[in-house]
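Residue strings, one per chain:
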Amino acid sequence: MREDGRVSPAPDAAQREAAHALEVRKRLREVEEAILSRAPEHDLQPSLDRIAAVMELVGDPQRTFPVVHVTGTNGKTSTARIIESVLREMGLKTGRFTSPHLHSMLERIAVGGRPVDAERFLAAYDDVIPFVEIVDARSAAEGGPRMTYFEVLVAVAYAAFADLPVDVAVVEVGMGGAWDATNVVDAPVSVITPIDVDHRHFLGDTPAEIAQEKSGIIKADGIAVSGVQDDRDAAEVLVDRAAEVGARIVFEGNDFGVTTREVAVGGQQLSLKGLAGEYPDLFLPLHGAHQAQNAAVAVAAVEAFVGGGEQALDVEVLRAGLAAVDSPGRLEIVRRSPTVLVDAAHNPAGARALRDAMSDAFTFVKLVGVVAVMADKDAAEMLEVLEPLLDEVVVTRNTSPRSMRPRELGELAAEIFGEHRVTVVDDLPDALDRAAGLADEGGVAGGVLATGSVVTAAEVRMLLGTTDV
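As the structure is a prediction and not an experimental result, all values here were calculated from the model. (Residues numbered from 1 in each chain as written. Predicted model: local features only at pLDDT ≥ 70, side-chain atom pairs only at ≥ 80, totals over all residues. Heavy atoms only, no water.)

Trainee: Quick question: what am I supposed to make of the overall build of the chain here?
Mentor: If you tally the helices and strands in the chain, you get 15 helices and 17 strands. Computed over its C-alpha atoms, the radius of gyration of the chain comes to 23 Å, within 12% of the 23 Å expected for a compact globule of 469 residues. Principal axes of the C-alpha set define a box for the chain whose edges measure 60 × 60 × 60 Å. Counted over contacts in the chain with a minimum sequence separation of 6, partners at least 24 positions apart contribute 74%. For the chain, the exposed surface amounts to about 19,500 Å²; the carbon and sulfur share of it is 48%. (Helix = DSSP H or I, 4+ residues; strand = E, 2+ residues; numbered from the N terminus. Rg over C-alpha atoms; globule rule 2.2 N^0.38 Å. Contact = heavy atoms within 4.5 Å. Areas by Shrake-Rupley, 256 points an atom, 1.4 Å probe, with all protein chains shown as cover.)

Trainee: How do you make sense of the sheet that holds strand E10 (residues 267-273) when you look at a structure like this?
Mentor: Each strand in a sheet pairs with another by means of backbone hydrogen bonds, the pair being arranged parallel or else antiparallel. Strand order in the open sheet formed by three strands is E9-E10-E11, and the pairing between neighbours is antiparallel. In this open sheet, the two strands that pair with only one neighbour each are strand E9 (257-264) and strand E11 (278-284). Sheet twist, expressed as the average angle between the axes of neighbouring strands with direction ignored, equals 15 degrees. Alignment of E9 against E10, held across seven bridges, turns out to be antiparallel. Residue pairing across strands places Thr260 opposite Ser271, the latter belonging to E10. (Pairing = 2+ DSSP bridges. Axes fitted to C-alpha atoms, helices over the stretch in contact; angles between N-to-C directions.)

Trainee: Before we go on, may I ask you to explain the sheet that holds strand E17 (residues 446-451) in this structure?
Mentor: Across the sheet, which stays open at both edges, the six strands sit in the order E12-E13-E17-E14-E15-E16 with mixed pairing between neighbours. Each having just a single partner strand, strand E12 (332-335) and strand E16 (422-424) make up the two edges of the open sheet. Strand-to-strand twist of the sheet, defined as the mean angle between neighbouring strand axes without regard to direction, takes the value 25 degrees.

Trainee: Explain a negative patch on the surface to me, please; I cannot follow it from the model alone.
Mentor: Taken together, the side chains of Asp426, Asp427, Asp430 and Asp433 define an acidic patch exposed on the protein surface. Note on placement: Asp430 falls in helix H14 (residues 428-440). (Patch = residues over 30% accessible without salt bridge, like charges linked within 9 Å, V, L, I, M, F, W, Y side chains within 5 Å. Salt bridge = Lys/Arg side-chain N within 4 Å of Asp/Glu carboxyl O. Lys, Arg positive; Asp, Glu negative; His and termini not counted. Charge placed at Lys NZ, Arg CZ, Asp CG, Glu CD.)

Trainee: What exactly am I supposed to notice about the packing of helix H2 (residues 49-58) against helix H4 (residues 118-141) here?
Mentor: If you want to describe how two helices pack, look at the angle between their axes and the distance between the axes. It is the contact of H2 with H4, at a shortest axis distance of 9 Å, that shows an interaxial angle of 135 degrees. What the angle tells us is that H2 and H4 run oblique. Regarding H2 and H4, the two cross each other, and that crossing is right-handed. Together, Arg50, Ala53, Val54, Leu57 and Val58 of H2 and Val128, Phe131, Val132, Ile134, Val135, Arg138 and Ser139 of H4 make up the contact between the two elements. Along the lines of polarity and charge, the residues of the contact of H2 with H4 split into nine nonpolar, one polar and two charged. (Parallel < 35°, antiparallel > 145°, perpendicular 65-115°, else oblique. Left-handed = near helix turned anticlockwise from the far one by under 90°. Nonpolar A, V, L, I, M, F, W, Y, C, P; charged D, E, K, R; others polar.)

Trainee: Quick question: what am I supposed to make of the pairing of strand E14 (residues 366-371) here?
Mentor: Along a regular strand, successive side chains alternate from one face of the sheet to the other. Where burial is concerned, most of E14 is hidden: six out of the six residues are buried. Every second residue of E14 is oriented toward a common face, with Lys366, Val368 and Val370 on one face and Leu367, Gly369 and Val371 on the other, all of them buried. Taken together, the six bridges between E14 and E17 define a ladder with parallel strand orientation. Paired with Lys366 across the two strands is Gly446, which belongs to E17. (Buried < 20%, exposed > 50% of the residue type's maximum accessible area, 1.4 Å probe, protein only.)

Trainee: Help me understand the packing of aromatic side chains in this model?
Mentor: Geometrically, a pair of aromatic rings is defined through the distance of the ring centres and the angle of the planes. Counting across every chain of the model gives four aromatic pairs. Ring centres of Phe65 and Tyr158 lie 6.1 Å apart, and the angle between their planes is 55 degrees; this geometry places the pair in the tilted category. Taken together, the residues span a long stretch of sequence, with Phe65 in the loop between H2 and strand E1 (67-71) and Tyr158 in helix H5 (residues 149-163) at a distance of 93 residues. According to the relative accessible area criterion, Phe65 is buried, its value standing at 5%. (Phe/Tyr/Trp six-rings, centres within 6.5 Å; stacked < 30°, edge-to-face > 60°.)

Trainee: Can you walk me through empty space enclosed by the protein in this structure?
Mentor: Summary: where empty space remains is shown by rolling a probe the size of a single water molecule over the atoms. In the structure shown here, the tally under the stated rule is one cavity of 30 Å³ or more. Volume-wise, the largest cavity comes out at about 150 Å³. Lining the largest cavity are 16 residues, and of these Arg81, Thr98, Pro100, Leu102 and Glu107 sit closest to its centre. Mapped onto the lining of the largest cavity, the elements with two or more residues apiece are helix H3 (76-89) and strand E4 (114-115). Each residue belonging to the lining of the largest cavity can be placed in one class, and the counts come to six nonpolar, four polar and six charged. (1 Å grid on protein atoms, 1.4 Å probe; cavity = no way out; pocket = protein on both sides within 12 Å on 5 of 7 lines; lining within 4 Å. Points joined across faces, edges and corners; volume = space filled by probe spheres on them.)

Trainee: It is not clear to me how the side chain of Ser403 should be interpreted in this structure. Could you clarify?
Mentor: You can see Ser403 is positioned in the loop between strand E15 (392-395) and helix H13 (406-417). A distance of 3.2 Å separates a polar atom in the side chain of Ser403 from the backbone nitrogen of Asn398. Among residues more than four places away in sequence, those in contact with Ser403 are Val373, Met374, Ala375, Arg397 and Asn398. (Polar contact = N/O pair within 3.5 Å; in protein donor to acceptor, adjacent residues only side chain to side chain.)

Trainee: Looking at this structure, how should I read helix H9 (residues 289-307)?
Mentor: Along an α-helix, a turn takes 3.6 residues, which lines up residues three or four apart on a common side. Over its 19 residues, H9 runs 27 Å from end to end, which matches the ideal 27 Å to within 8%, given 1.5 Å per residue. Positive backbone phi, at 65 degrees, marks Gly308, one or two positions downstream of H9. (Expected span 1.5 Å × (residues − 1).)

Trainee: Explain the packing of helix H11 (residues 348-361) against helix H12 (residues 379-386) to me, please; I cannot follow it from the model alone.
Mentor: Packing of H11 against H12 brings their axes to within 9 Å, and their N-to-C directions diverge by 10 degrees. Overall, the two elements H11 and H12 adopt an arrangement that is roughly parallel. In terms of crossing hand, the pair formed by H11 and H12 is right-handed. Residue-level contacts link Pro348, Ala351, Arg352, Leu354 and Arg355 of H11 to Glu381, Met382, Val385 and Leu386 of H12.

Trainee: Help me understand the side chain of Thr79, please; the structure alone is not making it clear to me.
Mentor: Tracing the chain through its elements places Thr79 in helix H3. Excluding anything up to four places from it in sequence, Thr79 contacts Val191, Thr193, Asn294, Val297 and Ala298.

Trainee: What exactly am I supposed to notice about the pairing of strand E8 (residues 248-251) here?
Mentor: Strand direction decides the pairing type here: strand E7 (residues 223-226) and E8, joined by four bridges, are parallel. From the neighbouring strand, Ala224 faces E8, where its bridge partner is Ile249. Handedness of the β-α-β unit built from E7, helix H8 (residues 232-245) and E8 comes out right-handed. (Right-handed = clockwise from strand over helix to strand, strands pointing away.)

Below is the structure:
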């Protein structure tokens, strides 16, 4: 018996538990490697045929729970997390599927607000993998590809949610909408965050073209909740899709929105107008006007889900749900002295939201950027957006093979910032150290902002000892 009065497990029981945990970790690594061996997320095979075939063979688990389906260009993950937090506070058993992950693919499949445990993940994988292999073989026989990394994770997520079962799943698309693997659901509520240009080679060159693809998640007789769409043509695409399928569509700014917003310690204080009620004095522990808008969209989505947009939410429950929100890697402080923030902005629209939020919520005497961007992104425009914010910039690369070479990124940065404000460092850990040293020249009011991609944000988090999600 231990000093605290509790009985210690027998040595053989402790050994069995340790051996079991080790076996689970080993199996998880093997499964992760098998999934990672498939075509990656940025190498898409646009079709719902493969994922639909697997779902049918498994018994269509995705039809056993209702879904709030979230698309858009930026803000999808934060909006999904806010929706899920409020629904969970209402007493519902929630599932959440988001992408990409920061540290572990288990993060993508959350249950009750926490990443799915390894054993449940493995059980769901074991349920679906025989049928994945059947579909792989069929596709190969027809000269087609194997199922992708993302398609397999979607199948695992839907199987896990059905097995629990969850009361509702909040599902973020991977890319696009109509042909995204998540779109084998008939969601009663669809959410479209602001649409901008990204992934041109897959989605199109204009917001309207991209909206055409993203509008594919709007389903018959459902409710579509849209953030502000600055591009009128994109908004009209969404309206036309809703009319075509007989869905109701509501827009931030017309039907709901942020009525007041003030910067507060650790976040912001909001008042929101929903579809069915007014909600004053809400604390949101996220920074930036864009996160306030994400919260407004999320609240309207919850109203749409629980009462068809006709029933106000309990304001105390809403307050608790919003106060519990976090969004790791989104303007997140991961160290003090000097302050180091990470943000997953990976396109110009995300960089603009980041710039505005930093100006809104933080004051630094000297702010140094650490920037590593994927080679297929518009790095020049991102740097132009961030230039007024940063006193100096350290450009580098993350560990992704898609990361732009530091020298190439440095040449772009020098044209925008001037050579005297740019430092090129080959490796991210060294770049972070260099940026911290430069920020220290600003004294206690110096800061570092690491951004450019989700991978960059994740690796800086890990380098500074933060892996919680």
